[in-house]
Amino acid sequence: MRYIFTAILFLTASVFAQNGIKVLHLNKIDTDISVDGLIDPAWGNADSVSDFIQYSPYHNTEPTRRTVAKVLTTDDAIYCLMICYDNSGEILKNTGMLDDNSGDKVSFMIDTFGDKRTGYKFAVSATGVRSDCRLLDDARNRDYSWDGIWFADSKIYDWGFIVEMEIPYKSIQYDENLTEWGLDFDRWRPQNSEDIYWCEYDETAGQRIAQFGKLVFENFKPTVKGLNLELYPVGIAKATYLQDDKYKIDPNAGLDIFYNPSPALTFQFTANPDFAQIEADPYDFNISRFESYFDEKRPFFTQGKEVFTASGRQRNSGFYRPMEFFYSRRIGKKLSDGTEVPLSFGTKAFGRMGDWEYGGFIARTEEAQWWDDDDSTTVIEPKAFFGSARVSTQIMENSSIGVLFVGKHTAGNNYGVLDIDGALRGRDYQLAYQIARSFKNSQGDFAFSAGLTNFMNTWITAARTRYVGKNFDIDQIGYVPWKGTAEFVAFTGPRWYFEEGYVRSILLYAGPIVNWEDADNYTDLGLLLGYNMQFRDNWGGEINFTLSKSKDEGVYYDYYSTNLSTWYNISPVWNGNLWGGYEKTYNFSREYLAFYSWVGGRIEWTPLDILELGTEINMWIEGNPGGGVEDITYNARPTLSLTPFNNFNIRLYVDNLYTKSSDKMEQLIMGLLFSYNFSPKSWIYFALNEVHDRSDEYNSSGTLLPNRMHTRARAAVLKIKYLYYF
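As the structure is a computational prediction, the values presented were derived from the model and not from experiment.

Re unusual backbone geometry
In the segment running from Ser56 into Pro57, the intervening peptide bond is cis, with an omega of 5°. Tracing the sequence through the fold places Pro57 in the loop between β4 (53-56) and β5 (67-73). Residue Ser193 is not a glycine yet carries a positive backbone phi of 55°. Structurally, the position occupied by Ser193 is in the loop between β13 (180-189) and β14 (194-197). Despite not being glycine, Asn219 shows a phi value in the positive range, around 55°. Along the chain, the position of Asn219 falls in the loop between β15 (213-217) and β16 (229-243). For Asn219, a relative accessible area of 82% translates into the label exposed.

See below:
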């Protein structure tokens, strides 16, 4: 008979190792546990911990609510139980989707290779919504594209809520020879923005895998064997609008295969894949001389992408980002007339061997014909093979060094890049670097970047530098548009942290800026000043100023800019951001020097547990050489997300563009996305996208029609994906 533990849960067997590291013992049981939010009697055999500590808003203080965590194992799976005491009326009961949950939640984190750099995070909300990711680079980065096969449930009581998780060993990678794993737990309580962990972390540096506690195996080591094969038949149907109320219907099918021959090796293969992007890219306003960047949204390419990413990216800071030599949107890309390059197959393999990690990727795209409006001719995009290989190893505890190759081959042409990169890491600092050589047939050049961040309790220092040779051309495979440029940016300054009171921290910083561009044969020299302030109820703001002597397109001028941003998350039911700025700069889209200003905001509101409303609004103001306003561009993207029950969502969005000069709506994108995650890694998708704009429109006889808003594109996609797990 199952029952709810009461007084017994206040007892804990948590102990400290002699060096101060927290320890939890993993006991093995011979009976399975029902994952349903009810506590089975078997949980009485588990070691438990309750000595959590606040990370925020009051660092290193006692939590306001009690939390108990337990872990057990069978031969096939590891189980986690978390008991969260609270007032029932203060628990947020929001519905949600996989990797998209809000409200009260708990997390179970394990370092299964003992490398103190990587791990898994499994999170579950009070209403049972799951989220998972890979922790990377000593928890400085996250990969939410990783989706494992695991199970969870929750139940809310009048005294709090319970979460149970089951993670099959064959769903994760691990070192079979270890007798202990790294371990931590987390609980987020949005009612007072309280974030608590089992382990203690520096307030400035944040969570670090190197500071995890220990999960010690008691007379047991996981050694699950089996086929470990995942098959995903995929059914696809597309309907594309061809004009004059005519549609093209394209039924299709594909197959995705995941195979794990060992706990440290994974193969992924996709036959006849559908790589259509379900949701249109947001509008991007760009007056620079470089192309815009858009995130990858196609699941095949987002899954496991961290394997082919250079070291050094940090999720809590956008200050330094390594150059992106493998930009998957180049594969199966959309051409200028809207034609998509067909991709016939793709396969990946990635794994570990001791301290070494490795990965490989290969894909083939087929020939495509498209219309070039500039030359009024048909152009052929040739068949191509894409490939990438990555090898990296751990050095000096949780630092790393690696080699990355990315290439593309077509008949008569070869493109590629070879990169050496790495990161030296400590608890409060990281120094990342990369050196690369490109080739385009017989031509090529070098590129280099490095970034340092050092976040101490009372002082912060950061610096980054980048050099890209003028012949470093990897436009066929990567995103490095800054050919013939170099930059150096650094700042440092004091930081004050207040243990009590409304203000949480204040940061002042200043530093130099140096930019060089071969196109202008000139070095810009400047100064950066900034001020950042954060408050305990989860909001804050930042303002910075930049001054420099600059030159663009032969024009010498004094560049200056002001940037202001603020963020609000002071209520469990709404959050938002505001930003704005003003600068004197060269407008490359209009080819003159003038002022440029922008202002924008985003807000999300959850009026009901099942409903989320939001919008993002932007306004860009372009000046002219005379000091007046040349044009104002407005963009708004309202969204509605309805989740009547977990893992079932309907999302509507509208993206509209308006310009003051025309006093008209220039573009309107409307989209609907239905998604249902009816079983682990099994989905039904239905998407409908429609684009209206004022592009040139012709009648059936080829006559140009008067300018008006008209339907430029309309497409519907139905996709069904089902997992067979062996």
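A short note on the side chain of Lys70
Along the chain, the position of Lys70 falls in strand β5. For the buried Lys70, which has no salt bridge, the nearest side chain bearing the opposite charge is Asp47, at an N-O separation of 8.3 Å. There is a polar contact of 3.2 Å between the side chain of Lys70 and the backbone oxygen of Trp43.

Focus: the environment of Arg637
Position of Arg637 relative to the elements: it lies in the loop between β37 (629-636) and β38 (639-645). The buried category is assigned to Arg637, whose relative accessible area is 13%.

Here we look at the pairing of strand β6 (residues 77-85)
Most of β6 is tucked away, with nine of its nine residues classed as buried. In β6, alternate side chains face the same way, and those of Ala77, Tyr79, Leu81, Ile83 and Tyr85 on one face and Ile78, Cys80, Met82 and Cys84 on the other are all buried. Looking at chain direction, β5 and β6 are connected through seven bridges and run antiparallel. Directly across from Val68, in β6, lies its bridge partner Ile83. Between β5 and β6, which pair antiparallel in sequence order, lie three residues. Relative to strand β12 (residues 160-168), β6 runs antiparallel, the two sharing nine bridges. Within β12, the residue paired with Leu81 across the bridge is Glu164.

Side note on the confidence of the model for the protein
Considering every residue of the protein, the mean pLDDT works out to 90; 96% of them sit at 70 or more. The spread of mean pLDDT over the elements of the protein runs between strand β1 (residues 15-16), the lowest at 46, and strand β7 (residues 105-111), the highest at 98. Predicted confidence for residues 1-18 stays below pLDDT 50, and this span has 49 contacts to residues more than four positions away or in other chains.

What to know about a nonpolar patch on the surface
A cluster of nonpolar side chains, Ile401, Val403, Phe405, Leu418, Ile420 and Phe439, forms an exposed patch at the surface whose accessible area comes to about 460 Å². Elements with a minimum of two residues in the nonpolar patch: β24 (399-410) and β25 (413-425). The dominant element in the nonpolar patch, judged by the number of residues it contributes, is β24, at three residues. Along the chain, Leu418 turns up in strand β25. The exposure class of Leu418 is partly exposed, given its relative accessible area of 46%.

Things to note about the pattern of salt bridges
Enumeration over the complete set of coordinates arrives at 38 salt bridges. Two residues, Glu90 and Arg65, come together in a salt bridge whose shortest N-O distance is 3.2 Å. A residue pair is termed long-range when its members are at least 10 positions apart, and Glu90 in the loop between β6 and β7 and Arg65 in the loop between β4 and β5 qualify at 25 residues. The class for Glu90 is partly exposed, based on a relative accessible area of 26%. According to the relative accessible area criterion, Arg65 is partly exposed, its value standing at 24%. Its salt-bridge partner being Glu381, residue Lys333 comes within 3.7 Å of it at the nearest N-O pair. Of this pair, Lys333 sits in the loop between α1 (299-302) and β19 (343-353) while Glu381 sits in strand β22 (residues 377-381); the two residues are 48 residues apart in sequence, bridging distant segments of the chain. In this structure Lys333 comes out as partly exposed when scored by relative accessible area, which is 23%.

Some details on the packing of aromatic side chains
According to the stated counting rule, one finds 50 aromatic pairs in the structure shown. Summarising the aromatic geometry, the rings of Phe319 and Phe491 are spaced 5.2 Å apart at their centres and angled 85° between planes, so their arrangement reads as edge-to-face. Within this pair, whereas Phe319 is found in the loop between α1 and β19, its partner Phe491 is found in strand β29 (residues 485-497), the two being separated by 172 residues in sequence. There is no split in this pair, since Phe319 and Phe491 are both buried. What links up through ring pairs into an aromatic cluster is the set Phe645, Phe648, Phe674, Tyr676, Phe678, Tyr722 and Tyr724. Residue placement shows Arg466 over the ring face of Trp482; its charged tip is 3.9 Å from the ring centre.

Some points on the environment of Asp195
With respect to the secondary-structure elements, Asp195 resides in strand β14. Taking the C-alpha atoms as reference points, Asp195 and Gln54, 141 residues apart in sequence, are found 6.0 Å from one another. If sequence neighbours within four positions are ignored, Asp195 has contacts with Ile53, Gln54, Tyr55, Ser56, Asp186, Arg187 and Trp188.

Description of the side chain of Asp184
Mapped onto the elements of the fold, Asp184 is located in strand β13. Buried charged residue Asp184 carries no salt bridge. Nearest counter-charge: Lys22, at 7.2 Å. In terms of polar contacts, Asp184 uses its side chain to reach the backbone amide nitrogen of Cys199, at 3.1 Å. Not counting the four nearest positions on each side in its chain, Asp184 is found in contact with Ser107, Phe108, Met109, Tyr197, Trp198, Cys199, Tyr201, Gln207 and Phe212.

Some points on the nonpolar core
Ranked by internal contacts, the top residues of the largest apolar core, which has 46 residues, are Phe108, Phe122, Met165 and Phe185. Counting 28 residues, the second largest nonpolar core, distinct from the first, contains Ile331, Ala363, Val406 and Ala436.

Brief notes about the pairing of strand β18 (residues 265-271)
Strand direction decides the pairing type here: strand β17 (residues 246-262) and β18, joined by six bridges, are antiparallel. Pairing of Leu255 across the sheet is with Ala271, part of β18. Examined bridge by bridge, β18 and β19 share seven bridges and lie antiparallel to one another. In the strand pairing of β19, Leu265 is matched with Gly351.

With respect to the environment of Arg352
Tracing the chain through its elements places Arg352 in strand β19. Along the primary structure Arg352 and Asp175 are separated by 177 residues, whereas in three dimensions their C-alpha atoms are 9.0 Å apart. Not counting the four nearest positions on each side in its chain, Arg352 is found in contact with Phe113, Asp115, Arg117, Thr118, Ala264, Glu357 and Tyr358. There is a polar contact of 2.7 Å between the side chain of Arg352 and the side chain of Asp115. Side-chain polar atoms of Arg352 contact the side chain of Thr118, separated by 3.1 Å.

Calculation notes
- Residues numbered from 1 in each chain as written.
- Predicted model: local features only at pLDDT ≥ 70, side-chain atom pairs only at ≥ 80, totals over all residues.
- Heavy atoms only, no water.
- Helix = DSSP H or I, 4+ residues; strand = E, 2+ residues; numbered from the N terminus.
- Buried < 20%, exposed > 50% of the residue type's maximum accessible area, 1.4 Å probe, protein only.
- Lys, Arg positive; Asp, Glu negative; His and termini not counted.
- Salt bridge = Lys/Arg side-chain N within 4 Å of Asp/Glu carboxyl O.
- Polar contact = N/O pair within 3.5 Å; in protein donor to acceptor, adjacent residues only side chain to side chain.
- Pairing = 2+ DSSP bridges.
- pLDDT = per-residue confidence, 0-100.
- Contact = heavy atoms within 4.5 Å.
- Patch = residues over 30% accessible without salt bridge, like charges linked within 9 Å, V, L, I, M, F, W, Y side chains within 5 Å.
- Areas by Shrake-Rupley, 256 points an atom, 1.4 Å probe, with all protein chains shown as cover.
- Phe/Tyr/Trp six-rings, centres within 6.5 Å; stacked < 30°, edge-to-face > 60°.
- Lys NZ or Arg CZ within 6 Å of the ring centre and 35° of its normal.
- Core = buried A, V, L, I, M, F, W, Y, C linked by side-chain atoms within 4.5 Å.

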